[in-house]
Amino acid sequence: MQTVVSGIRPTGKLHLGNYFGAVRNFLEMQENYRSYFFIADIHSLTTHPTPGDLHGSVRQVLAEYLAMGLDPEKCSLFIQSDVPEIMELYTYMNMNAYLGELERSASFKEKIRTQKDNVNAGLLTYPVLMAVDILIHKADFVPVGKDQAQHLEMTRQFGNRFNRLYDVDFFPEPQAYSHTGELVKVPGLTGQGKMSKSGGEGDAVFFDEDDKVIQKKIMRAKTDAGPQEMNAEKPIEILNLFDLMGLVCENDVIEKFNDDYNNCTIRYGDMKKQLAEDMLKFVGPIRDRIREVKSDDAFLSSAAKIGAEKARESAVKTVKEVREIIGFRKFY
Ligand code: TYM
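Conventions and cut-offs
- Residues numbered from 1 in each chain as written.
- Predicted model: local features only at pLDDT ≥ 70, side-chain atom pairs only at ≥ 80, totals over all residues.
- Heavy atoms only, no water.
- Buried < 20%, exposed > 50% of the residue type's maximum accessible area, 1.4 Å probe, protein only.
- Helix = DSSP H or I, 4+ residues; strand = E, 2+ residues; numbered from the N terminus.
- Arc of directions from axis to C-beta.
- Contact = heavy atoms within 4.5 Å.
- Phe/Tyr/Trp six-rings, centres within 6.5 Å; stacked < 30°, edge-to-face > 60°.
- Lys NZ or Arg CZ within 6 Å of the ring centre and 35° of its normal.

> Whenever I open this one, helix α10 (residues 211-220) confuses me. Can you help?
Since one α-helical turn is 3.6 residues long, residues separated by three or four positions face the same way. Taken as a whole, α10 has its buried residues at I214, K217 and I218. Along α10, the residues classed as buried sweep out an arc of 95° about the axis, all on the same side. Facing away from the buried side of α10, by more than 90 degrees, are the exposed residues K212 and R220. Buried positions along α10 lie against α13 (268-294).

> How should I be thinking about unusual backbone geometry in this particular structure?
As a rule of thumb, non-glycine residues mostly have phi less than zero, and peptide bonds are mostly trans rather than cis. Unusually for a residue other than glycine, K138 sits at a positive phi of about 50°. Looking at the element boundaries, K138 is found in the loop between α8 (126-135) and β4 (141-143). The residue C264 is not glycine, and still its phi comes out positive at about 65°. Along the chain, the position of C264 falls in the loop between α12 (251-262) and α13.

> Help me out: how do you make sense of the packing of aromatic side chains in this one?
What describes a pair of aromatic rings is the distance from one ring centre to the other and the angle between the planes of the rings. Per the counting criterion, the structure on display carries 15 aromatic pairs. For the pair Y33 and F141, a centre-to-centre distance of 5.8 Å together with 80° between the ring planes defines the contact as edge-to-face. Taken together, the positions of Y33 in the loop between α1 (16-29) and β2 (34-39) and F141 in strand β4 put the pair 108 residues apart, joining distant regions of the chain. Each member of the pair, Y33 as well as F141, carries the same accessibility label: buried. One aromatic cluster is present, built from ring pairs that chain together Y19, F20, F207 and F282. Residue placement shows K138 over the ring face of F170; its charged tip is 3.7 Å from the ring centre. In this structure, K234 is placed above the aromatic ring of F242, and the distance from its NZ or CZ to the ring centre is 4.8 Å.

And the structure:
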(Lines give C-alpha, C1' and ligand atoms only; values in the text may rest on other atoms or scores of the structure.)
Protein backbone atom coordinates (compact mmCIF):
# COMPACT_ATOMS: atom_id res chain seq x y z
CA MET A 1 0.00 0.00 0.00
CA GLN A 2 1.34 3.46 -0.86
CA THR A 3 1.88 6.07 1.79
CA VAL A 4 0.67 9.65 2.05
CA VAL A 5 1.76 12.40 4.47
CA SER A 6 0.58 15.97 4.91
CA GLY A 7 0.29 18.64 7.57
CA ILE A 8 -1.16 22.02 8.44
CA ARG A 9 0.30 24.62 10.82
CA PRO A 10 -1.93 25.51 13.78
CA THR A 11 -1.60 29.27 13.39
CA GLY A 12 -5.31 30.02 13.09
CA LYS A 13 -8.59 28.47 12.08
CA LEU A 14 -8.76 26.47 8.86
CA HIS A 15 -9.99 28.31 5.78
CA LEU A 16 -11.27 27.38 2.36
CA GLY A 17 -7.72 27.28 0.94
CA ASN A 18 -6.62 24.70 3.52
CA TYR A 19 -9.69 22.63 2.72
CA PHE A 20 -9.48 22.57 -1.06
CA GLY A 21 -5.67 22.57 -1.22
CA ALA A 22 -5.20 19.88 1.40
CA VAL A 23 -8.04 18.41 3.50
CA ARG A 24 -10.28 17.62 0.52
CA ASN A 25 -7.53 15.26 -0.65
CA PHE A 26 -6.96 13.82 2.83
CA LEU A 27 -10.57 12.69 2.94
CA GLU A 28 -10.23 10.80 -0.30
CA MET A 29 -6.79 9.40 0.43
CA GLN A 30 -7.47 8.02 3.91
CA GLU A 31 -9.66 5.41 2.21
CA ASN A 32 -6.93 3.89 0.04
CA TYR A 33 -3.51 4.85 1.38
CA ARG A 34 -1.45 4.37 4.51
CA SER A 35 -2.19 7.91 5.64
CA TYR A 36 -0.44 10.27 8.05
CA PHE A 37 -2.06 13.68 8.58
CA PHE A 38 -0.68 15.93 11.25
CA ILE A 39 -0.72 19.28 12.96
CA ALA A 40 2.62 21.02 12.41
CA ASP A 41 2.93 22.66 15.82
CA ILE A 42 6.74 22.68 15.79
CA HIS A 43 6.73 24.46 12.41
CA SER A 44 4.40 27.10 13.81
CA LEU A 45 7.13 28.25 16.23
CA THR A 46 9.11 29.65 13.30
CA THR A 47 6.53 32.43 12.94
CA HIS A 48 4.88 32.36 16.38
CA PRO A 49 7.76 31.70 18.83
CA THR A 50 5.71 32.50 21.93
CA PRO A 51 2.20 31.43 20.98
CA GLY A 52 -0.30 32.64 23.56
CA ASP A 53 -2.23 29.39 23.59
CA LEU A 54 -0.41 26.70 21.62
CA HIS A 55 -2.52 23.91 23.07
CA GLY A 56 -5.74 25.75 22.22
CA SER A 57 -4.58 26.34 18.63
CA VAL A 58 -3.68 22.68 18.18
CA ARG A 59 -7.01 21.66 19.66
CA GLN A 60 -8.83 23.91 17.19
CA VAL A 61 -7.17 22.31 14.16
CA LEU A 62 -7.58 18.80 15.58
CA ALA A 63 -11.32 19.43 16.02
CA GLU A 64 -11.51 20.88 12.51
CA TYR A 65 -9.76 17.89 10.94
CA LEU A 66 -12.14 15.52 12.73
CA ALA A 67 -15.22 17.60 11.91
CA MET A 68 -14.24 17.64 8.23
CA GLY A 69 -14.24 13.86 8.22
CA LEU A 70 -10.74 12.61 8.99
CA ASP A 71 -11.22 9.26 10.67
CA PRO A 72 -8.67 8.27 13.35
CA GLU A 73 -9.36 4.63 12.57
CA LYS A 74 -8.58 5.02 8.87
CA CYS A 75 -5.57 7.35 9.07
CA SER A 76 -2.97 8.39 11.59
CA LEU A 77 -4.06 11.84 12.71
CA PHE A 78 -1.32 13.14 14.98
CA ILE A 79 0.41 16.14 16.46
CA GLN A 80 3.96 16.75 15.24
CA SER A 81 5.40 17.35 18.72
CA ASP A 82 4.06 13.96 19.87
CA VAL A 83 6.66 12.30 17.64
CA PRO A 84 10.13 13.20 18.99
CA GLU A 85 11.83 11.03 16.33
CA ILE A 86 11.03 13.85 13.90
CA MET A 87 13.46 16.09 15.77
CA GLU A 88 16.18 13.47 15.69
CA LEU A 89 15.91 12.95 11.94
CA TYR A 90 15.76 16.74 11.49
CA THR A 91 19.18 16.99 13.17
CA TYR A 92 20.71 14.42 10.81
CA MET A 93 19.11 15.90 7.69
CA ASN A 94 20.29 19.41 8.61
CA MET A 95 23.89 18.22 8.13
CA ASN A 96 23.16 17.62 4.45
CA ALA A 97 21.20 20.79 3.68
CA TYR A 98 23.19 23.74 2.42
CA LEU A 99 22.93 27.42 3.19
CA GLY A 100 22.72 28.48 -0.46
CA GLU A 101 19.76 26.28 -1.32
CA LEU A 102 17.93 27.13 1.92
CA GLU A 103 18.38 30.86 1.31
CA ARG A 104 16.91 30.50 -2.17
CA SER A 105 13.61 29.09 -0.90
CA ALA A 106 10.73 31.42 -1.80
CA SER A 107 9.12 31.09 1.63
CA PHE A 108 12.38 32.07 3.37
CA LYS A 109 12.78 35.10 1.11
CA GLU A 110 9.20 36.10 1.88
CA LYS A 111 9.74 35.74 5.62
CA ILE A 112 12.87 37.91 5.46
CA ARG A 113 10.57 40.63 4.14
CA THR A 114 7.56 40.03 6.34
CA GLN A 115 9.19 39.25 9.70
CA LYS A 116 12.42 41.24 9.58
CA ASP A 117 12.73 41.21 13.37
CA ASN A 118 12.73 37.45 13.67
CA VAL A 119 14.77 35.84 10.90
CA ASN A 120 15.53 32.76 13.01
CA ALA A 121 17.44 29.62 12.06
CA GLY A 122 14.21 27.61 12.18
CA LEU A 123 12.86 29.69 9.30
CA LEU A 124 15.96 28.92 7.27
CA THR A 125 15.72 25.18 7.91
CA TYR A 126 11.91 25.06 7.65
CA PRO A 127 12.14 23.02 4.42
CA VAL A 128 14.37 20.46 6.15
CA LEU A 129 11.81 19.92 8.92
CA MET A 130 9.06 19.64 6.33
CA ALA A 131 11.13 17.13 4.35
CA VAL A 132 11.58 15.10 7.53
CA ASP A 133 7.82 15.06 8.18
CA ILE A 134 7.44 13.45 4.80
CA LEU A 135 10.51 11.23 4.62
CA ILE A 136 10.12 9.79 8.11
CA HIS A 137 7.08 7.86 6.86
CA LYS A 138 8.68 7.20 3.46
CA ALA A 139 5.75 8.91 1.75
CA ASP A 140 4.92 8.37 -1.91
CA PHE A 141 2.39 11.24 -2.08
CA VAL A 142 1.93 14.60 -0.40
CA PRO A 143 -1.42 16.34 -0.90
CA VAL A 144 -0.73 20.10 -0.72
CA GLY A 145 -1.74 23.35 -2.35
CA LYS A 146 0.33 25.01 -5.04
CA ASP A 147 2.17 27.17 -2.49
CA GLN A 148 4.00 24.09 -1.16
CA ALA A 149 5.36 22.85 -4.51
CA GLN A 150 8.86 24.25 -3.93
CA HIS A 151 9.10 22.69 -0.47
CA LEU A 152 8.23 19.38 -2.00
CA GLU A 153 10.93 19.76 -4.63
CA MET A 154 13.41 20.39 -1.80
CA THR A 155 12.13 17.30 0.01
CA ARG A 156 12.97 15.19 -3.04
CA GLN A 157 16.38 16.81 -3.21
CA PHE A 158 17.15 16.07 0.45
CA GLY A 159 15.88 12.49 0.21
CA ASN A 160 17.84 11.79 -2.97
CA ARG A 161 20.96 13.38 -1.52
CA PHE A 162 20.74 11.10 1.54
CA ASN A 163 20.39 8.08 -0.74
CA ARG A 164 23.41 9.19 -2.79
CA LEU A 165 25.62 10.12 0.17
CA TYR A 166 25.14 6.80 1.92
CA ASP A 167 24.78 4.81 -1.28
CA VAL A 168 21.38 3.40 -0.37
CA ASP A 169 17.97 3.27 -1.96
CA PHE A 170 16.16 4.27 1.20
CA PHE A 171 13.85 7.27 0.79
CA PRO A 172 11.30 7.16 -2.04
CA GLU A 173 10.68 10.33 -4.12
CA PRO A 174 7.42 11.83 -2.85
CA GLN A 175 5.09 13.40 -5.41
CA ALA A 176 2.59 16.20 -4.87
CA TYR A 177 -1.01 15.06 -5.10
CA SER A 178 -4.26 16.81 -5.92
CA HIS A 179 -7.56 15.14 -6.74
CA THR A 180 -7.99 17.62 -9.59
CA GLY A 181 -4.68 16.56 -11.16
CA GLU A 182 -3.25 20.06 -10.72
CA LEU A 183 -2.17 21.69 -7.48
CA VAL A 184 -4.84 24.05 -6.21
CA LYS A 185 -4.52 27.73 -5.41
CA VAL A 186 -7.65 29.13 -3.76
CA PRO A 187 -7.66 32.93 -4.17
CA GLY A 188 -8.36 35.33 -1.31
CA LEU A 189 -11.24 37.80 -1.19
CA THR A 190 -9.06 40.88 -1.21
CA GLY A 191 -7.75 40.23 -4.70
CA GLN A 192 -4.13 39.97 -3.61
CA GLY A 193 -3.23 36.36 -4.23
CA LYS A 194 -3.80 33.08 -2.43
CA MET A 195 -6.27 32.94 0.44
CA SER A 196 -4.28 33.01 3.66
CA LYS A 197 -4.60 33.45 7.40
CA SER A 198 -2.17 36.33 7.26
CA GLY A 199 -3.86 37.96 4.26
CA GLY A 200 -5.46 40.59 6.44
CA GLU A 201 -9.00 41.21 7.59
CA GLY A 202 -11.53 39.92 5.11
CA ASP A 203 -9.22 37.82 2.92
CA ALA A 204 -10.12 34.31 4.07
CA VAL A 205 -13.36 32.41 4.63
CA PHE A 206 -12.84 30.37 7.79
CA PHE A 207 -14.98 27.36 8.61
CA ASP A 208 -15.42 28.19 12.28
CA GLU A 209 -16.96 31.57 11.61
CA ASP A 210 -20.55 32.86 11.88
CA ASP A 211 -22.79 33.21 8.80
CA LYS A 212 -22.99 36.98 9.12
CA VAL A 213 -19.22 37.39 9.16
CA ILE A 214 -18.79 35.24 6.05
CA GLN A 215 -21.61 37.03 4.25
CA LYS A 216 -20.11 40.41 5.02
CA LYS A 217 -16.64 39.41 3.79
CA ILE A 218 -18.01 38.11 0.51
CA MET A 219 -20.18 41.15 -0.08
CA ARG A 220 -17.10 43.33 0.49
CA ALA A 221 -14.87 41.38 -1.92
CA LYS A 222 -13.16 43.62 -4.40
CA THR A 223 -14.76 44.04 -7.85
CA ASP A 224 -14.25 46.52 -10.70
CA ALA A 225 -16.53 48.93 -12.58
CA GLY A 226 -17.86 46.06 -14.71
CA PRO A 227 -17.12 44.94 -18.28
CA GLN A 228 -17.18 47.73 -20.84
CA GLU A 229 -17.35 45.54 -23.95
CA MET A 230 -18.74 42.12 -24.89
CA ASN A 231 -16.55 39.10 -24.00
CA ALA A 232 -14.01 41.26 -22.20
CA GLU A 233 -11.09 39.66 -20.41
CA LYS A 234 -11.75 39.33 -16.68
CA PRO A 235 -9.54 41.26 -14.27
CA ILE A 236 -7.92 39.26 -11.48
CA GLU A 237 -10.44 40.13 -8.75
CA ILE A 238 -13.33 38.96 -10.95
CA LEU A 239 -11.48 35.79 -11.95
CA ASN A 240 -11.01 35.15 -8.25
CA LEU A 241 -14.73 35.41 -7.58
CA PHE A 242 -15.43 32.97 -10.39
CA ASP A 243 -12.76 30.62 -8.98
CA LEU A 244 -14.46 30.73 -5.58
CA MET A 245 -17.82 30.04 -7.22
CA GLY A 246 -16.21 27.03 -8.89
CA LEU A 247 -15.63 25.54 -5.42
CA VAL A 248 -19.12 25.82 -3.99
CA CYS A 249 -21.69 26.71 -6.73
CA GLU A 250 -23.48 24.52 -9.27
CA ASN A 251 -22.23 24.70 -12.86
CA ASP A 252 -25.39 26.25 -14.28
CA VAL A 253 -25.19 29.09 -11.74
CA ILE A 254 -21.60 29.81 -12.74
CA GLU A 255 -22.48 29.67 -16.42
CA LYS A 256 -25.32 32.16 -15.92
CA PHE A 257 -22.99 34.73 -14.33
CA ASN A 258 -20.34 34.04 -16.91
CA ASP A 259 -22.88 34.75 -19.69
CA ASP A 260 -23.98 37.91 -17.85
CA TYR A 261 -20.35 39.01 -17.72
CA ASN A 262 -19.81 38.32 -21.40
CA ASN A 263 -22.84 40.33 -22.47
CA CYS A 264 -22.16 43.13 -19.97
CA THR A 265 -25.32 42.65 -17.90
CA ILE A 266 -23.59 41.28 -14.82
CA ARG A 267 -24.54 42.70 -11.41
CA TYR A 268 -21.71 41.97 -9.02
CA GLY A 269 -24.02 42.44 -6.03
CA ASP A 270 -26.21 39.55 -7.21
CA MET A 271 -23.20 37.42 -7.99
CA LYS A 272 -21.72 37.92 -4.53
CA LYS A 273 -25.09 37.27 -2.89
CA GLN A 274 -25.28 33.95 -4.73
CA LEU A 275 -21.69 33.09 -3.81
CA ALA A 276 -22.40 33.91 -0.14
CA GLU A 277 -25.54 31.77 -0.15
CA ASP A 278 -23.78 28.73 -1.63
CA MET A 279 -20.75 29.28 0.59
CA LEU A 280 -22.90 29.20 3.72
CA LYS A 281 -24.58 26.01 2.52
CA PHE A 282 -21.16 24.41 2.23
CA VAL A 283 -19.49 25.83 5.34
CA GLY A 284 -22.50 25.72 7.73
CA PRO A 285 -22.72 21.95 8.40
CA ILE A 286 -18.94 21.67 8.83
CA ARG A 287 -18.92 24.62 11.24
CA ASP A 288 -21.70 23.07 13.34
CA ARG A 289 -19.77 19.83 13.53
CA ILE A 290 -16.53 21.68 14.49
CA ARG A 291 -18.34 23.24 17.42
CA GLU A 292 -19.66 19.86 18.54
CA VAL A 293 -16.28 18.14 18.26
CA LYS A 294 -14.44 21.00 20.01
CA SER A 295 -16.31 20.30 23.21
CA ASP A 296 -15.82 16.53 23.04
CA ASP A 297 -12.67 16.10 25.13
CA ALA A 298 -12.80 12.30 25.12
CA PHE A 299 -12.98 12.11 21.29
CA LEU A 300 -10.13 14.63 20.83
CA SER A 301 -7.93 12.87 23.32
CA SER A 302 -8.48 9.34 21.97
CA ALA A 303 -7.97 10.53 18.37
CA ALA A 304 -4.66 12.24 19.24
CA LYS A 305 -3.48 9.23 21.23
CA ILE A 306 -4.06 6.56 18.58
CA GLY A 307 -2.70 8.93 15.93
CA ALA A 308 0.53 9.44 17.88
CA GLU A 309 0.93 5.71 18.45
CA LYS A 310 0.59 4.90 14.75
CA ALA A 311 2.89 7.74 13.68
CA ARG A 312 5.54 6.83 16.23
CA GLU A 313 5.57 3.21 15.18
CA SER A 314 6.51 4.23 11.65
CA ALA A 315 8.90 7.02 12.74
CA VAL A 316 10.81 4.86 15.22
CA LYS A 317 11.42 2.26 12.51
CA THR A 318 12.76 4.81 10.01
CA VAL A 319 15.04 6.54 12.52
CA LYS A 320 16.45 3.21 13.68
CA GLU A 321 17.30 2.34 10.07
CA VAL A 322 18.76 5.81 9.43
CA ARG A 323 21.03 5.43 12.47
CA GLU A 324 22.28 2.14 11.08
CA ILE A 325 22.83 3.63 7.61
CA ILE A 326 24.79 6.60 8.97
CA GLY A 327 26.85 4.28 11.16
CA PHE A 328 25.87 4.91 14.77
CA ARG A 329 26.54 1.74 16.74
CA LYS A 330 26.10 1.16 20.42
CA PHE A 331 29.00 -0.07 22.61
CA TYR A 332 26.68 -1.65 25.15
P1 TYM B 1 -0.04 25.72 5.76
O2 TYM B 1 -0.34 25.47 7.19
O3 TYM B 1 0.29 27.10 5.32
O4 TYM B 1 -1.25 25.24 4.86
C5 TYM B 1 -1.80 23.93 5.01
C6 TYM B 1 -2.20 23.37 3.68
O7 TYM B 1 -3.17 24.22 3.06
C8 TYM B 1 -2.75 24.56 1.74
N9 TYM B 1 -3.19 25.92 1.44
C10 TYM B 1 -3.76 26.27 0.28
N11 TYM B 1 -4.06 25.55 -0.81
C12 TYM B 1 -4.67 26.19 -1.83
N13 TYM B 1 -4.98 27.51 -1.80
C14 TYM B 1 -4.69 28.28 -0.72
N15 TYM B 1 -5.02 29.55 -0.69
C16 TYM B 1 -4.04 27.66 0.38
N17 TYM B 1 -3.61 28.10 1.60
C18 TYM B 1 -3.08 27.03 2.22
C19 TYM B 1 -1.22 24.45 1.77
O20 TYM B 1 -0.71 24.23 0.48
C21 TYM B 1 -1.03 23.28 2.68
O22 TYM B 1 -1.15 22.07 1.96
N23 TYM B 1 4.60 23.89 5.27
C24 TYM B 1 3.19 23.53 5.36
C25 TYM B 1 2.87 22.62 6.53
C26 TYM B 1 3.67 21.37 6.55
C27 TYM B 1 3.53 20.27 5.66
C28 TYM B 1 4.50 19.33 6.08
C29 TYM B 1 2.71 20.00 4.58
C30 TYM B 1 4.65 21.09 7.44
N31 TYM B 1 5.17 19.86 7.16
C32 TYM B 1 4.65 18.10 5.42
C33 TYM B 1 2.87 18.77 3.92
C34 TYM B 1 3.82 17.84 4.34
C35 TYM B 1 2.40 24.81 5.54
O36 TYM B 1 2.89 25.81 6.00
O37 TYM B 1 1.07 24.70 5.23
